[in-house]
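The chain contents come next:
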Amino acid sequence: MRDLYQRLHLPRHATAADIDNAIRECPHYGLREDARAVLAHDAARQEYDALHDLLSDVGQLRAGLGMTHAPHWRGSVALDFTPPPDERRARHESLNERLDAALHPRRRFALPRLGRRRPARR
Amino acid sequence: MKASTFTVSFSPFEQLLLKSLRPLESASLLLLVWVVMHKTRPLEADWHYLRRLARDARQDQALELLIETVRDRRLDDLRLAAEVLAAADDRESHAPFLRKAIGLAASTGPLDAPTYHLLGFLADLCRTPPAALAHLYREVTGQVLVPPADPSRRSEHADPGYAAAGAGSSGARDEAGESVNANEGNTQGDDATTASAARFGSGNDYRRRFRHAWQRQTSARRRLRQWHRIRLARRTRERQARQRAEREWAERQEQARREQARRERAQWQEQQRRESRSSSDTYAGWRKRLALQVLELDERATPVEIKQAYRRLAQRHHPDRHQGLGERRIALASQRFQRIKDAYEYLTQHA
């Protein structure tokens with residue numbers, strides 16, 4: 001499963017006219033034929049888009065979970081649908097933190113202030 | 001103050017997870033709902049099964065919420081569920097979860113592309129390698145896990161409906177309790193029940209055929225292995241026999257050579273003795289005996305022994321060894337050395 005949008009340098013929600021243009025200008029014969037067969041027909045494109053969305057979700061989840069080099073994520077799928085690494089913290093950590101904040105609301109703001117105070121303006 | 005304006009918010013799924021008695025089951029329920037919602041044609045029986053799972057997890061009303069979560073593509077919630085599942089103990093929860101997922105995904109026939117990739121994701125989450133997943137799939141459905149056609153390829157996409165090809169294929173679930181589930185599905189609708197019955201029949205058929213094939217392959221493999229073992233033993237035996245024969249031949253050769261050497265030596269000694277006996281009364285014989293006497297040898301001495309004796313005596317009586325002990329000593333030593341040298345030269349020339 002390849003990301004035809006990415007390979008044609010198109011956004012995911014490109015219009016039919018854009019797609020036609022991109023297909024006409026694509027220098028690669030095999031890619032051109034595949035894109036014409038998949039993206040140019042509405043029914044086929046709908047089915048392809050559903051799968052495309054799902055695979056982008058899976059890729060994003062994998063990036064967040066550090067599973068971008070797992071044994072079931074190989075070939076063109078992994079090549080096209082792996083986003084750059086997700087630097088955000090794990091969701092359960094953030095959940096625990098928010099839970100702490102909800103249960104002990106004062107603890108968050110009891111920290112002493114560090115550094116000098118800015119002098120008052122004249 | 002800012003503290004008063006600070007609020008903590010939780011998404012609906014997080015609230016569900018926090019309130020849940022068994023968060024692991026809630027999380028896996030969300031992932032199973034995810035799988036079912038990406039099937040091309042989810043069966044009524046699948047939803048029924050999910051409802052039963054939700055009832056078992058004491059979350060009857062949660063299913064709507066989970067469906068909504070998946071429909072809105074809330075990736076954070078899905079990621080939270082995945083983290084909960086990945087943090088769980090391997091042996092206890094992963095295999096049953098994967099069985100349920102496979103049963104739900106394959107209930108309408110061979111996997112299509114979305115469910116296939118979702119199953120791969122769940123298997124990675126459960127740290128299950130492809131071979132183990134294929135084994136589980138065969139266990140649950142009685143079929144071989146075949147990767148679906150790639151929709152981004154024209155040639156595969158050209159022939160219509162690979163997804164509709166598996167109308168008569170099977171999808172047996174993991175437990176015997178599933179039959180109860182199928183019977184309960186009677187109230188849901190006739191078509192679902194007949195479909196599931198057909199699934200079960202063909203599933204058993206597949207299993208039987210698979211077992212036959214498996215047995216045939218196993219016996220063939222066993223026979224092949226036995227034949228290999230016999231051939232290996234025969235080769236080993238032949239090799240050992242060959243090595244033994246070679247060793248014996250080499251020993252015999254060595255013995256013959258030693259015998260020959262001994263014979264030659266005896267012959268040579270005999271000849272020497274005869275010569276010395278015959279020449280004892282001539283001048284040459286006398287000179288030779290004298291020379292040998294100088295070298296402190298008897299008449300049976302071999303050339304090697306003569307050489308060794310000469311070397312030894314020459315070193316002992318060399319004039320340089322007597323340096324600094326007086327001229328008389330040096331003169332005597334050089335006299336002796338000269339005599340030894342003359343004797344050796346005589347013996348080497350008239351050997």
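Residues numbered from 1 in each chain as written. Chains lettered and ligands numbered in written order. Predicted model: local features only at pLDDT ≥ 70, side-chain atom pairs only at ≥ 80, totals over all residues. Heavy atoms only, no water.

Novice: What should I look at first to understand the confidence of the model for chain B in this one?
Specialist: If pLDDT is low for a region, its predicted coordinates should not be looked at in detail. Residues and elements named next belong to chain B. In the predicted model, chain B carries a mean pLDDT of 82, and 81% of its residues have values of at least 70. Mean pLDDT in chain B bottoms out at helix α11 (residues 177-184), which sits at 40, and peaks at helix α8 (residues 113-125), which reaches 94. Overall, residues 1-5 carries pLDDT values under 50, and its contacts beyond four positions in sequence, including any with other chains, amount to one contact. Here residues 159-201 is a poorly scored stretch, pLDDT under 50, and it has 62 contacts once near neighbours within four places are set aside; other chains count. Per the prediction output, this complex has pTM 0.56; the corresponding ipTM is 0.84. (pLDDT = per-residue confidence, 0-100. Helix = DSSP H or I, 4+ residues; strand = E, 2+ residues; numbered from the N terminus. Contact = heavy atoms within 4.5 Å.)

Novice: What should I look at first to understand the environment of L133 of chain B in this one?
Specialist: For L133 of chain B, the position within the fold is in helix α9 (residues 130-141). Judged by relative accessible area, which is 4%, L133 of chain B ranks as buried. Taking the C-alpha atoms as reference, L133 of chain B lies 8.9 Å from L119 of chain B; in sequence the two are 14 residues apart. Not counting residues within four places of it along the chain, the set of residues in contact with L133 of chain B comprises H72 of chain A together with L98, I102, A123, T128 and L145 of chain B. (Buried < 20%, exposed > 50% of the residue type's maximum accessible area, 1.4 Å probe, protein only.)

Novice: Before we go on, may I ask you to explain the packing of helix α3 (residues 23-37) of chain B against helix α7 (residues 90-105) of chain B in this structure?
Specialist: For any two helices packed against each other, the geometry is given by the interaxial angle and the distance between the axes. Residue and element names in this part refer to chain B. Two elements in contact, α3 and α7, have axes separated by 10 Å at closest approach and are oriented at 25°. On the basis of the axis angle, α3 is roughly parallel to α7. Crossing of α3 against α7: the hand is right-handed. Only S93, F97, K100, A101, L104 and A105 of α7 make contact with α3, whose side of the interface consists of L24, S28, L31, L32, V35 and V36. For the contact of α3 with α7, the per-class residue count stands at nine nonpolar, two polar and one charged. (Axes fitted to C-alpha atoms, helices over the stretch in contact; angles between N-to-C directions. Parallel < 35°, antiparallel > 145°, perpendicular 65-115°, else oblique. Left-handed = near helix turned anticlockwise from the far one by under 90°. Nonpolar A, V, L, I, M, F, W, Y, C, P; charged D, E, K, R; others polar.)

Novice: Which parts of the structure should I look at to understand helix α6 (residues 91-103) of chain A?
Specialist: Every α-helix winds through 3.6 residues per turn, so residues three or four apart in the chain are directed the same way. Residue and element names in this part refer to chain A. A rise of 1.5 Å per residue sets the reference length of α6, with its 13 residues, at 18 Å; its end C-alpha atoms lie 18 Å apart and thus fit the reference within 8%. Restricting attention to buried positions, one finds in α6 the residues R91, S94, L95, R98 and A101. The buried residues of α6 all sit within an arc of 125° when viewed along its axis, so they share a single face. (Expected span 1.5 Å × (residues − 1). Arc of directions from axis to C-beta.)

Novice: What should I look at first to understand the side chain of H317 of chain B in this one?
Specialist: All names here are of chain B. Note on placement: H317 falls in the loop between α14 (303-316) and α15 (327-349). On the basis of relative accessible area, H317 is assigned to the buried category, the value being 14%. Setting aside anything within four residues of it in sequence, one finds H317 in contact with H322, A333, R336, F337 and I340.

Novice: I tried to follow the packing of helix α4 (residues 42-65) of chain A against helix α6 (residues 75-86) of chain B on my own but got confused; where do I start?
Specialist: Relative orientation of the contacting elements α4 of chain A and α6 of chain B amounts to 50°, with a least axis distance of 10 Å. By the angle between their directions, the pair α4 of chain A and α6 of chain B is classed as oblique. Every pair of crossing elements has a handedness; the one defined by α4 of chain A and α6 of chain B is right-handed. Of the residues in α6 of chain B, those in contact with D57, Q60, L61, G64 and L65 of chain A of α4 of chain A are L75, L78, R79, A82 and E83 of chain B.

Novice: What exactly am I supposed to notice about α14 of chain B here?
Specialist: All names here are of chain B. Its 14 residues give α14 an end-to-end C-alpha distance of 20 Å, which sits within 8% of 20 Å, the value for a rise of 1.5 Å per residue. Along α14, the residues classified as buried are I306, A309, Y310, L313 and A314. When α14 is viewed along its axis, its buried side chains cluster within an angular range of 125° and face the same direction. For α14, exposure combined with an orientation more than 90 degrees from the buried face picks out V304, Q308, R311 and Q315. Of the surrounding elements, those touching the buried residues of α14 are α13 (283-294) and α15.

Novice: What is the right way to look at the interface of chain A and chain B in this model?
Specialist: Accessible area lost upon the coming together of the parts is a frequently used measure of interface size. Between chain A and chain B, the residue contacts involve 40 residues of the former and 37 residues of the latter. For the pair chain A and chain B, the summed buried surface comes to about 3,600 Å²; carbon and sulfur atoms form 66% of the total. The three residues of chain A that bury the most area against chain B are L61, H72 and R91 of chain A, which together make up 19% of that side's buried surface. Counting across the interface, chain A meets chain B through eight salt bridges. For the pair chain A and chain B, the number of links is 14 residue pairs in polar contact (both at pLDDT 80 or more). No other element matches α4 of chain A, which puts 14 residues into the side of chain A that touches chain B. Along the lines of polarity and charge, the residues of the side of chain A that touches chain B split into 23 nonpolar, four polar and 13 charged. (Buried area = accessible area lost by both parts, 1.4 Å probe. Salt bridge = Lys/Arg side-chain N within 4 Å of Asp/Glu carboxyl O. Polar contact = N/O pair within 3.5 Å; in protein donor to acceptor, adjacent residues only side chain to side chain.)

Novice: I'm lost on the nonpolar core in this one. Help?
Specialist: Soluble globular proteins: nonpolar side chains tend toward being buried together. Residues L8 of chain A together with L31, W34, L50, F121 and L122 of chain B are the most contacted members of the largest nonpolar core, which totals 77 residues. Here this core takes nine residues from α3 of chain B, the largest share from any one element. If you look at the next biggest cluster of nonpolar residues, it comprises 14 residues, including I306, F337, Y344 and L347 of chain B. (Core = buried A, V, L, I, M, F, W, Y, C linked by side-chain atoms within 4.5 Å.)

Novice: Would you mind showing me how to read the layout of surface pockets here?
Specialist: A water-sized probe, rolled over the atoms, reveals where empty space remains. Of the volumes computed, that of the second largest pocket is approximately 390 Å³. Along the wall of the second largest pocket there are 21 residues; nearest its centre are H72 of chain A together with Y116, H117, P147 and P148 of chain B. Among the elements that make up the lining of the second largest pocket, the one with the highest residue count is α8 of chain B (five residues). Of the residues assigned to the lining of the second largest pocket, the class counts are 16 nonpolar, three polar and two charged. (1 Å grid on protein atoms, 1.4 Å probe; cavity = no way out; pocket = protein on both sides within 12 Å on 5 of 7 lines; lining within 4 Å. Points joined across faces, edges and corners; volume = space filled by probe spheres on them.)

Novice: Please explain the packing of aromatic side chains as it appears in this structure.
Specialist: Given two aromatic rings, one states the distance between the centres and the angle between the planes to describe the pair. In the structure shown here, the tally under the stated rule is four aromatic pairs over all chains. A centroid spacing of 6.1 Å and a plane angle of 50° characterise the contact between Y5 of chain A and Y48 of chain A, whose relative ring orientation is tilted. Here Y5 of chain A is found in helix α1 (residues 4-7), whereas its partner Y48 of chain A is found in helix α4, with 43 residues between them in sequence. In this pair, the class of Y5 of chain A matches that of Y48 of chain A, namely buried. On the numbers, 5.8 Å between centres and 90° between planes, the contact of W34 of chain B with F121 of chain B is edge-to-face. Of this pair, W34 of chain B sits in helix α3 while F121 of chain B sits in helix α8, placing them 87 residues apart in sequence. Sitting over the ring of W214 of chain B, R138 of chain B keeps its end group 5.9 Å from the ring centre. Sitting over the face of the ring of Y346 of chain B, R287 of chain B holds its NZ or CZ atom 4.5 Å from the ring centroid. (Phe/Tyr/Trp six-rings, centres within 6.5 Å; stacked < 30°, edge-to-face > 60°. Lys NZ or Arg CZ within 6 Å of the ring centre and 35° of its normal.)

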